[in-house]
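Structure at a glance
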Amino acid sequence: MPRIPPSVFRQALRTDPLLVPLLPVTRSLSGAQAELRWLRKEVPKPKLPWAIVQRSNYRPLQYILGDQPFLDLSIKCAEGTLIPRWETEEWIARIKPFISNVKIIDACTGTGCVALSFNGTGSNIVGIDIDTSCLSLAKFNQQSNRCDDIVHWAQCDILNWTDDLHHVCKGVNFLVSNPPYIPWEEYTKLDRSVKNFEPQLALVGDLEFYNALVHNLLEPNLNTCDGFVFEVGNVNQIHHVRDLVKKHGWNVGYLMDSAGYHRCVVGWKPDGRFDFKKLCDFVY
Amino acid sequence: MLKLLRNSRVPRTHLPRCSRLWYISRPYSTPTASADTSIADPRTFQLHPSLIKRARLLSEELTALQEKISGGSSFSVSDQKRFSELSIITDTYTKYQDHLTNFQELQELFHDEQEPELKNEAEKELRELQPELTAVASDLKAKLLPPHPFDSMACILELRPGVGGDEAAIFSKDMLEMYSQFAHVKKWPYHIMSQVRTENNGITSATISIDEPGSYKLMKFERGIHRVQRIPETETKGRTHTSTAAVVVLPKISEDNENPDADQREFKPEEIRVDVMRSRGKGGQHVNTTDSAVRITHFPSGIVVAMQDERSQHRNKAKAFAILRARLAERERAEKVENERKMRTSQVSSTDRSDKIRTYNFTQNRITDHRCGFSLHDVGGCMNGTRLEEIILAVEKNYNEERSKELLEIEENSDKK
Ligand SMILES: C[S@@+](CC[C@H](N)C(=O)[O-])C[C@H]1O[C@@H](n2cnc3c(N)ncnc32)[C@H](O)[C@@H]1O
């Protein structure tokens, strides 16, 4: 990582000494200023020094402040559950107008942010996670955000096909997931604030999750399910999913995010209720 | 009317012959119209015939609408709105006419040599009526002028320091505070959309959204260069510095909490580019950055909006789009005004020119608005939001005068043709 020039440190010191410990974490003066502003706004004054020390030790700001805005929701964040990312927020905002009155499965729900974002579409939503602590956080978020649509939570391991999983997913019309997608080799090189603070269970994974999503969740429900969106970490994962659903005659495309990365693989049944063609940045 | 003129002491030869004379008398600025001096000539309160004509047309429209309702035909929401607009104007017009007739009759009594015992009584009543008539005449005038297209909207104010370095940045911050306080005093909802602080507690830019529908009507007069003359706290030799801050006032076209994707779809893809901070690595689960800055570039206009205040990138994008749309609307309006102006040869009113509009002289505890010459001798009262409205209302009155003058010129020109 490039060193931060001493001049920037000096400028930070002159502007506000509290910026200095934040600089190595945010790596830019404007970033440090933004974080200090949010900390000052949301942390009670006596706790501010503690919060700054925490942050200077690379603890994610969202864990210190305890929440993250996500579309019009405020999502509670806690150690042990992945912090929602803006990339996820972005693709959900794009897909939401296409969805109304369907049964939605959100596999690997974490804080529940994806599932809860579809509140207001008149849908029946089920969030699945393997981790019970994630599910209780998701339930909390459902209540604190007053999500009135029918939302249920289920504890299942999507990698194993069980009766439970079968039962939960029955009749699904739209399948979404942001599964762990960071291959192990990449995981070891991640930033400290991700690697040391966010749960490995939520991050490390690769094609096995996409296999599970297609074989265990989509294929048993091909007659009711008309579309899916899976977040991905690289273009290889997109190709993999495309090849898996090709034999069912599904249309496949992908979404890019605003930072220019491949972000989602999108599939839809040719004569189904969703026409995601207009949504995709590229259609195969 | 004719009866009055005959009895009035004013010799007929002095009566207005050309309509231009109607404008020499300005109810607001004429000193004779204030309560403690002599009784004003009733002509002072007469409106230009084109405004009277407009008032008549509007009351005819109201009658037609009333017939429509009593006839039982359907009454749409826009009809309802129009109905209440028209009723308000017509009520003011009626009140104005009543007051004016009253005033004229009292004046007759006042000058009636045959009944000297009534003179005192008439004078007393005239003095009471005069300020009321002044107010209602100027109110009516304002209502009859065609409304500004954005007057019913909420607004966004953008502040930026001009000349004067640190002191300008600090003054800009004071102005931001003034507008926040003003909104607070008016009980208008507002929120600061963004601000970039400097090292010395100033700002390099700030955006405040005043979310009250119709706030644009008053706030639009804040647009322009504001000049401050004071001794900065950092100044050791006690010298007065002059610095400036620029204010831009935009109509709030869309809410900044709406879905920015819907906003984005309203533009052609090649017209617009949305940039976000590209984080290290591959994004997504790989990083949990808090860097949520967004920048939107609108190519046809060259407008660039950057927003980084919110923790959610989605919210930053929504705010940036709200500002972009407000700037585009304002630009379109300014161009239209400019074109209309080019078509006329007349002198333009000073209100729309963007030179120094106001001076805040702290040393003399005085704020002077250069558009109307109004001075308030209470800098603190203005800066804490409680007395800013007095200045704005003075500017508004002046603006309405100028606009009716323009209206007259337009009509005279079209008469000539
Ligand atoms: C990348 S996080 C996504 C969280 C949330 N949906 C979001 O977008 O912020 C992945 C989630 O998958 C869960 N998970 C990991 N392995 C799983 C499995 N085998 N079955 C079900 N959920 C699993 C983790 O507990 C974690 O909450």
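Residues numbered from 1 in each chain as written. Chains lettered and ligands numbered in written order. Predicted model: local features only at pLDDT ≥ 70, side-chain atom pairs only at ≥ 80, totals over all residues. Heavy atoms only, no water.

To continue, consider the site of the ligand. Taken together, 22 residues lie near the ligand, and Cys108(A), Asp129(A), Asp157(A), Asn178(A) and Ala202(A) sit nearest. Site remark: the ligand is flanked by residues from chains A and B. The contact in question runs from a nitrogen atom of the ligand to an N or O atom on the backbone of Ile130(A), over 3.2 Å. Coverage of the ligand by the protein amounts to 99% of the 600 Å² it exposes when considered alone. Residue composition of the shell around the ligand, grouped by class: 14 nonpolar, five polar and three charged. (Near = heavy atom within 4 Å. Polar contact = N/O pair within 3.5 Å; in protein donor to acceptor, adjacent residues only side chain to side chain. Areas by Shrake-Rupley, 256 points an atom, 1.4 Å probe, with all protein chains shown as cover. Nonpolar A, V, L, I, M, F, W, Y, C, P; charged D, E, K, R; others polar.)

Inspection of the secondary structure assignment puts Glu87(A) in helix α6 (residues 86-95). Reaching out from Glu87(A), the side chain makes a polar contact with the backbone nitrogen of Gly284(B) at a distance of 2.8 Å. In this view, Glu87(A) contacts Asp257(A), Arg263(A), Gly283(B) and Gly284(B); residues no more than four positions away in its chain are not counted. (Helix = DSSP H or I, 4+ residues; strand = E, 2+ residues; numbered from the N terminus. Contact = heavy atoms within 4.5 Å.)

All names here are of chain B. Pairing in this open sheet of eight strands is mixed, and the strands run β2-β3-β1-β5-β4-β9-β10-β11 from one edge to the other. Of all strands in the sheet, those bounded by a partner on one side alone are β2 (190-197) and β11 (374-376). Strand-to-strand, the axes of this sheet are offset by a mean angle of 15°, without reference to chain direction. Where strand β1 (residues 155-161) lies against strand β5 (residues 241-251), seven bridges are found, and the strand directions are antiparallel. Bridge pairing in β5 links Leu 159 to Val 247. Of the strands in this sheet, β1, β2, β3 (203-210), β4 (224-230), β5 and β9 (356-361) are in contact with helix α5 (residues 165-185), which crosses β4 at around 110°. (Pairing = 2+ DSSP bridges. Axes fitted to C-alpha atoms, helices over the stretch in contact; angles between N-to-C directions.)

As a further point, take the packing of aromatic side chains. Residues and elements named next belong to chain A. With the rule as written, the count across this model stands at 18 aromatic pairs over all chains. Geometrically, the ring pair formed by Phe 274 and Phe 276 is stacked, given 5.1 Å between the ring centres and 10° between the ring planes. Taking relative accessible area as the criterion, Phe 274 reaches 4% and is therefore assigned buried. Residue Phe 276 is classed as buried on the basis of its relative accessible area of 0%. Taken together, the ring pairs in this structure connect Phe 98, Phe 118, Phe 174, Trp 268, Phe 274 and Phe 276 into an aromatic cluster. The positively charged end of Lys 47 is found above the aromatic ring belonging to Trp 50, 4.9 Å away from the centroid. (Phe/Tyr/Trp six-rings, centres within 6.5 Å; stacked < 30°, edge-to-face > 60°. Buried < 20%, exposed > 50% of the residue type's maximum accessible area, 1.4 Å probe, protein only. Lys NZ or Arg CZ within 6 Å of the ring centre and 35° of its normal.)

Each partner contributes residues to the interface: chain A has 49 residues there, and chain B has 30 residues. Roughly 3400 Å² of surface becomes buried between chain A and chain B when both sides are summed, with 44% attributable to carbon and sulfur atoms. When residues of chain A are sorted by the area they lose upon contact with chain B, Trp38(A), Trp86(A) and Tyr261(A) head the list and together hold 18% of the total. Taken together, chain A and chain B are joined by five salt bridges. Between Arg37(A) and Asp309(B) there is a salt bridge; the shortest N-O distance is 3.8 Å. Run the count over chain A and chain B and you get 18 residue pairs in polar contact (both at pLDDT 80 or more). Elements supplying a minimum of two residues to the side of chain A that touches chain B: α1 (6-15), α3 (29-42), α5 (61-65), β1 (67-70), α6, α11 (192-195) and α12 (200-203) of chain A. Top contributing element to the side of chain A that touches chain B by residue count: α6(A), with six residues. (Buried area = accessible area lost by both parts, 1.4 Å probe. Salt bridge = Lys/Arg side-chain N within 4 Å of Asp/Glu carboxyl O.)

Moving on, we come to a nonpolar patch on the surface. Residues Val235(A), Phe282(A) and Tyr284(A) make up a contiguous nonpolar surface patch of roughly 240 Å² in combined accessible area. Within the element layout of this structure, Tyr284(A) appears in the segment after β10 (282-283). (Patch = residues over 30% accessible without salt bridge, like charges linked within 9 Å, V, L, I, M, F, W, Y side chains within 5 Å.)

Each strand in a sheet pairs with another by means of backbone hydrogen bonds, the pair being arranged parallel or else antiparallel. Residues and elements named next belong to chain A. Here eight strands make up an open sheet; going across it, the order is β5-β4-β3-β6-β7-β9-β8-β10 and the pairing mixed. If you trace the sheet from one side to the other, it starts and ends with β5 (150-155) and β10, each paired once. The sheet contact formed by strand β3 (residues 103-107) and strand β6 (residues 174-177) spans four bridges and is parallel. Each bridged residue has a counterpart across the sheet, and for Ala 107 the counterpart in β6 is Ser 177. Against the sheet, helix α8 (residues 132-144) makes contact with β4 (124-129) and β5, and its axis sits at roughly 170° relative to β5, the strand it touches most.

For the rest of this paragraph, the subject is the nonpolar core. In a soluble, globular protein the nonpolar side chains are often hidden away together inside. Membership of the largest hydrophobic core comes to 39 residues, with the highest contact counts inside it found for Ile105(A), Ile128(A), Ile158(A), Leu217(A), Phe228(A) and Phe230(A). Looking at this core, the elements that each hand over two or more residues are β3, β4, α9 (163-169), α13 (207-218), β7 (227-231), α14 (235-246) and β8 (251-256) of chain A. In terms of residue count, α13(A) provides more of this core than any other element does, seven residues in total. The residues touching Phe230(A), leaving out its near neighbours within four places in the chain, are Leu175(A), Ser177(A), Tyr210(A), Leu213(A), Val214(A), Val241(A), Arg263(A), Cys264(A) and Val265(A). Within the second largest apolar cluster, 36 residues are counted, among which are Trp188(B), Ile208(B), Ile210(B) and Tyr216(B). (Core = buried A, V, L, I, M, F, W, Y, C linked by side-chain atoms within 4.5 Å.)

At Cys108(A), a position not held by glycine, the phi torsion is positive, near 65°. As for its position among the elements, Cys108(A) is in the loop between β3 and α7 (113-117).

Within the secondary structure, Asp226(A) sits in the loop between α13 and β7. Discounting residues that sit within four places of it in the chain, Asp226(A) has contacts with Asn173(A), Trp250(A), Gly267(A), Trp268(A), Lys269(A), Gly272(A), Arg273(A) and Phe274(A).

To continue, consider the packing of helix α3 (residues 77-111) of chain B against helix α4 (residues 119-144) of chain B. Residue and element names in this part refer to chain B. Two elements in contact, α3 and α4, have axes separated by 8 Å at closest approach and are oriented at 150°. In terms of their interaxial angle, α3 and α4 are classed as roughly antiparallel. You can see that α3 and α4 cross each other, and the crossing is left-handed. Partitioned by chemical class, the residues of the contact of α3 with α4 number 17 nonpolar, five polar and seven charged. (Parallel < 35°, antiparallel > 145°, perpendicular 65-115°, else oblique. Left-handed = near helix turned anticlockwise from the far one by under 90°.)

This part is about α13(A). Between its first and last C-alpha, α13(A) extends 15 Å over 12 residues, near the 16 Å set by a 1.5 Å rise per residue. By the burial criterion, the buried members of α13(A) are Phe209(A), Tyr210(A), Ala212(A), Leu213(A), Val214(A), Asn216(A), Leu217(A) and Leu218(A). (Expected span 1.5 Å × (residues − 1).)

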